[in-house]
Amino acid sequence: MGELSILILDDDEKWLALHERRLRQAGFKCRATQFAKEAIEIAKTDPTVKFALLDEILFVPPVPVEGKTGELQRWQGSGVVREIANHRRDVQIIMVTSAPQLRSQGDSQLFSKETAKLRRQRGVIDIIHKQDIDEDPDREYSWLLDLIKKPLTALKIEIVKPRLLIGLGVQPEVLNGSKYKRLRQCLKETGTSESEMNGTVKRFLTKLQPTEKAVFVEMPGSKKLDRTSSIKPDSQSFQILEILAQRAEQGAEVAICVSDYHFSARKSGTGIDPSMELDRRVVEDFAFGYNSQGRKGLQLGVQIEGRSQISSRLKVAIHRLSQQLVKLNVGAAGQLFSSEQGCYRPTFDLGIVLYAIEAPKVQKKRA
């Protein structure tokens, strides 16, 4: 593969050998080590190193068995990433790690947050979870090799800001064997030309009839999708994202205004719409009374508050959606949407992806 070698850092000898064997079989030269300090030195001194596979949690070898504690190395994966990025901007780093799974302990939101935190590091182009390799090593290593074989210039022009994709679950035959397929890519395969693409999107989506919906997050530099369960398909947040995603796919202005938003009131225990204005005379009768000297004044315990303007329903929904997106590390609070005259425009990219729905497994009846 010419003057190109791959640095591999993992404290576990088993994973180190597995990565190295797969890469060498594909024709790549490898520099493998279990020690963070040595990995930093290799990256600094070997100009042929163009890629690095790094683990995040690094113990001093031998790695402690499950249930036992061990001594951590001075440099952890994030520290190694920082050192390499400071000295070698041409090294593309891929984190191959189980850290998000271990830190989240089954919490899907925390898992997405920990994954996104690793992805945002300067120099990191993607994350591979070790549990995914355990489930399907051929699939994960095939994806890794495709990524490494891409021209370095192509890697630098990948996503530069987070992207939210509305996922539509469809039957596998729609995707011709793929697990995921971008909407526009799927339309091109049906013979739709670029000139008629924007007008075809709405008709295609109406005819598609997806069996389920979800939200996927794609972080900068990544071509892998993280599915999130925090934004439910029947929520108002999803409704807003779906409208914006469809407009992005149709080549229209990606903005949502009050007239586009169909608000459905939440049920409350009082049964009273808080936005209703009470009759001024009713308020006066309730709040004011006459004391023993015949003077008019406020009733005991009553306090008059200044009239406040009720926020628009869309503004409230955008605020709620922003709070959810902050938890998914899509962006900082207050910077996810720009607003002008009641219209809101996202500062992140949107789109639609189709994904295959697996047929439910039929359970065999016991005799």
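1. Some thoughts on the pairing of strand 4 (residues 92-97)
- Most of strand 4 sits inside the fold, with 6 of its 6 residues counted as buried.
- Neither face of strand 4 is open: one carries Gln-92, Ile-94 and Val-96, the other Ile-93, Met-95 and Thr-97, and all of them are buried.
- Bridging between strand 3 (residues 49-54) and strand 4 involves 4 bridges; their strand directions are parallel. Within the sheet, the bridge partner assigned to Ala-52 lies in strand 4 and is Ile-93.
- Sheet topology places strand 4 next to strand 5 (residues 124-129); 5 bridges connect them, and they run parallel. Directly across from Ile-94, in strand 5, lies its bridge partner Asp-126.

2. Here we look at the sheet that holds strand 13 (residues 337-340)
- Strand order across the open sheet formed by 3 strands is 10-14-13, with antiparallel pairing between neighbours. Of all strands in the sheet, those with a lone pairing partner are strand 10 (256-257) and strand 13, marking the two edges.
- Across 4 bridges, the pairing between strand 13 and strand 14 (residues 343-346) is antiparallel. Among the inter-strand pairings, Ser-338 is bridged to a residue of strand 14, identified as Arg-345.
- Contacts from helix 13 (residues 313-327) reach strand 10, strand 13 and strand 14, with the element oriented near 165° to strand 13.

3. Thoughts on the pairing of strand 1 (residues 5-9)
- Buried residues dominate strand 1, accounting for 5 of its 5 residues.
- Across the two faces of strand 1 the burial is the same, with Ser-5, Leu-7 and Leu-9 and Ile-6 and Ile-8 all buried.
- Note that strand 1 and strand 2 (residues 29-33) share 5 bridges and pair parallel. The residue bridging Leu-7 from the neighbouring strand is Arg-31, located in strand 2.
- For the segment spanning strand 1, helix 1 (residues 13-25) and strand 2, crossover handedness is right-handed.
- Direction of pairing for strand 1 relative to strand 3: parallel, over a ladder of 5 bridges. From the neighbouring strand, Leu-7 faces strand 3, where its bridge partner is Ala-52.

4. Topic: the sheet that holds strand 2
- The 5 strands are arranged 2-1-3-4-5 in an open sheet whose pairing can be described as parallel. Looking at strand neighbours, the two that pair on one side only are strand 2 and strand 5, the edges of this open sheet. Adjacent strand axes in the sheet meet at a mean angle of 20° when their direction is disregarded.
- Together, strand 1, strand 2 and strand 3 form the strand contacts of helix 2 (residues 36-45), whose direction differs from that of strand 1 by roughly 165°.
- Set on the sheet, helix 7 (residues 137-149) makes contact with strand 1, strand 3, strand 4 and strand 5; between it and strand 5 the angle comes to about 170°.

5. Quick notes on the packing of aromatic side chains
- Under the definition given, this model contains 3 aromatic pairs.
- Between the aromatic rings of Tyr-180 and Phe-216, the centroid separation amounts to 5.6 Å while the plane-to-plane angle is 80°, which identifies the pairing as edge-to-face. One end of the pair, Tyr-180, is in strand 7 (residues 180-182); the other, Phe-216, is in strand 8 (residues 212-218), and 36 residues separate them in sequence.
- A residue is classified by how much of its surface remains accessible, and Tyr-180, at 33% relative accessible area, is partly exposed.
- Residue classification places Phe-216 among the buried positions, given a relative accessible area of 1%.
- Ring plane angle 85° and centroid distance 5.6 Å describe the contact between Phe-337 and Phe-348, whose orientation is recorded as edge-to-face. Here the residue Phe-337 occupies a position in strand 13, and Phe-348 occupies one in the loop between strand 14 and strand 15 (349-356), the gap between them amounting to 11 residues. There is no split in this pair, since Phe-337 and Phe-348 are both buried.

6. A closer look at the packing of helix 2 against helix 3 (residues 77-87)
- Where helix 2 meets helix 3, the closest approach of the two axes is 10 Å, and the angle between their N-to-C directions is 15°. Of the possible angle classes, the one that applies to helix 2 and helix 3 is roughly parallel. The hand of the helix 2/helix 3 crossing is right-handed. Residue-level inspection shows Ala-36, Ile-40, Ala-43 and Lys-44 of helix 2 in contact with helix 3, the latter providing Val-80, Glu-83, Ile-84 and His-87.
- The residue makeup of the contact of helix 2 with helix 3, split by class, is 5 nonpolar, 1 polar and 2 charged.

7. Considerations on the nonpolar core
- By size, the foremost hydrophobic cluster in this structure holds 40 residues, and its most contacted members are Leu-164, Ile-240, Leu-241, Leu-325, Phe-337, Phe-348 and Leu-354.
- For this core, the elements supplying multiple residues, two or more each, are strand 6 (163-170), helix 9 (183-189), helix 10 (197-208), strand 8, helix 11 (236-249), helix 13 and strand 15.
- Sorting elements by how many residues they give to this core places helix 11 first, with 6 residues.
- The residues touching Leu-164, leaving out its near neighbours within four places in the chain, are Val-215, Phe-216, Val-217, Leu-241, Leu-325, Val-330, Phe-348, Asp-349, Leu-350 and Gly-351.
- Counting 22 residues, the second-largest nonpolar core is a separate cluster that includes Leu-16, Cys-30, Ile-94 and Ile-128.

Calculation notes
Residues numbered from 1 in each chain as written. Predicted model: local features only at pLDDT ≥ 70, side-chain atom pairs only at ≥ 80, totals over all residues. Heavy atoms only, no water. Buried < 20%, exposed > 50% of the residue type's maximum accessible area, 1.4 Å probe, protein only. Helix = DSSP H or I, 4+ residues; strand = E, 2+ residues; numbered from the N terminus. Pairing = 2+ DSSP bridges. Contact = heavy atoms within 4.5 Å. Axes fitted to C-alpha atoms, helices over the stretch in contact; angles between N-to-C directions. Right-handed = clockwise from strand over helix to strand, strands pointing away. Phe/Tyr/Trp six-rings, centres within 6.5 Å; stacked < 30°, edge-to-face > 60°. Parallel < 35°, antiparallel > 145°, perpendicular 65-115°, else oblique. Left-handed = near helix turned anticlockwise from the far one by under 90°. Nonpolar A, V, L, I, M, F, W, Y, C, P; charged D, E, K, R; others polar. Core = buried A, V, L, I, M, F, W, Y, C linked by side-chain atoms within 4.5 Å.

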